[in-house]
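# Chain and residue survey
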Amino acid sequence: MSRGNDYISVAVRRRVSLRAAYLYEYCLFPDAETFFGCEIDHIISLKHGGSNAETNLAYARPACNRNKGSDIASMDWDSNQVVRLFNPRTDIWSEHFQLSGNRIEPLTIIGIMTVRILRFNDDNRLDERDYTFYE
């Protein structure tokens, strides 16, 4: 149910889905291989000043979206710096991540924070993810 300005029309949801080619934009898992369906994620949440513009929306796997929540960054305690999370509209996936079997391995500090917060490599995610989908 809509809470006012968070409603995203069916037409916009369809365009976001088509733009992503039905691959979840954070983990690249194919939508056709899951029973949970997609969610449209606000990359920058409304509470942080994001909008419903298509440039701020991502085709997201429910597990990724729920783990991300409204987070836009995380703390890297090794460097005492706040590091933003991966943004599928402005970042190139392969610059921040690589596949190693069924694991998504981070290549950058942005990748490290995103893998940790979105919990890409939790046991249940590894069990579900079959690396052959990525070949």
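Shown above is the structure to which this text applies.
The numbering scheme is per chain: residues are counted from 1 as the chain's sequence reads. Reporting of local features is limited, given that this is a predicted model, to residues whose pLDDT is at least 70; pairs of side-chain atoms are given and counted only at 80 or more, and all residues count toward the totals for whole chains, interfaces and linings. Only hydrogens and water are set aside when side-chain values are computed; all heavy atoms of the structure are taken into account.

### Let's talk about the overall build of the protein chain
- For helices the rule is a DSSP run of H or I covering at least 4 residues; for strands it is a run of E covering at least 2, with both sets numbered from the N terminus onward. Assigned secondary structure in the protein chain consists of five helices and six strands.
- Ordered by position in the sequence, the α and β elements of the protein chain form the string α-β-β-α-β-β-α-β-β-α-α.
- Computed over C-alpha atoms, the radius of gyration of the protein chain comes to 15 Å, within 12% of the 14 Å expected from 2.2 N^0.38 for 135 residues, which places it in the range of a compact globule.
- If one aligns the C-alpha atoms of the protein chain with their principal axes, the spans along those axes are about 40 × 35 × 25 Å.
- Categorising residues by exposure relies on relative accessible area from a 1.4 Å probe, with only protein chains included: less than 20% of the type maximum marks a residue as buried, more than 50% marks it as exposed, and the intermediate range marks it as partly exposed. When the 135 residues of the protein chain are sorted by exposure, 41% land in the buried category.
- Should any heavy atoms of two residues lie within 4.5 Å, those residues are counted as being in contact. Sequence separation of at least 24 residues holds for 56% of the intrachain contacts in the protein chain that already meet a minimum separation of 6.
- Values of accessible area rely on a 1.4 Å probe in the Shrake-Rupley scheme; residue burial ignores everything except the protein chains shown. Carbon and sulfur atoms make up 52% of the accessible area of the protein chain, which amounts to about 7,600 Å² in all.
- Lys and Arg are tallied as positive, Asp and Glu as negative. Neither His nor the chain termini are counted. Taken as the charge location is NZ of Lys, CZ of Arg, CG of Asp or CD of Glu. Charged side chains of the protein chain number 16 positive and 19 negative; the gap between the two group centres comes to 7 Å. Only C-alpha atoms enter the radius of gyration; for comparison, a globular chain is expected to reach 2.2 Å times N to the power 0.38, where N is the number of residues.

### Digging into the environment of R61
- Tracing the chain through its elements places R61 in the loop between β2 (57-60) and α2 (62-68).
- A C-alpha to C-alpha distance of 7.7 Å links R61 and D31, two positions 30 residues apart in sequence.

### Section: the nonpolar core
- Residues grouped as a nonpolar core are buried Ala, Val, Leu, Ile, Met, Phe, Trp, Tyr and Cys residues, joined through side-chain atoms within 4.5 Å. With 27 residues, the main nonpolar core has Y26, C27, F97, I104, L118 and F120 as its most contacted residues.
- Those elements that place two or more of their residues in this core are α1 (10-19), β2 and α4 (109-118).
- For this core, the leading source of residues is α4, giving five residues.
- Filtering out sequence-adjacent residues up to four positions away, F120 remains in contact with Y26, C27, C64, F97, I104, T114, V115, R125 and R129.

### Brief notes about the environment of R66
- Counting through the fold element by element, R66 comes out in helix α2.
- A relative accessible area of 59% places R66 in the exposed class.
- Between the alpha carbons of R66 and S51 there is a distance of 18 Å; along the sequence they are 15 residues apart.
- Contacts described as polar in this section are N or O atom pairs within 3.5 Å, which, within protein, must combine one atom able to donate a hydrogen with one able to accept it, while residues neighboring in sequence count only if both atoms come from side chains. In terms of polar contacts, R66 uses its side chain to reach the side chain of E39, at 2.6 Å.

### Observations regarding α4
- Burial of α4 is extensive: seven of the ten residues sit out of reach of the surface.
- Within the sequence span of α4, burial applies to I110, G111, M113, T114, V115, I117 and L118.
- R119, located one to two residues past α4, shows a positive phi value of around 55 degrees.

### What about the pattern of salt bridges?
- Take a side-chain nitrogen of Lys or Arg and a carboxyl oxygen of Asp or Glu: if they are within 4 Å of each other, that pair is a salt bridge. Applying the stated criterion to the full structure yields eight salt bridges.
- Close ionic contact of R66 with E39 constitutes a salt bridge, the shortest N to O distance being 2.6 Å. In this pair, R66 is assigned in helix α2 and E39 in strand β1 (residues 39-42), connecting sequence segments 27 residues apart.
- E105 is paired through a salt bridge with R103; the nearest N and O atoms lie 2.9 Å apart.
- Residue class for E105 comes out partly exposed when judged on its relative accessible area of 24%.

### What to know about the side chain of D41
- The residue D41 is located in strand β1 in this model.
- Looking at D41, the relative accessible area reads 3%, which means it is buried.
- For D41, the contacting residues outside a window of four places in its chain are Y26, N56, L57, A58, A60, N65, K68 and G69.

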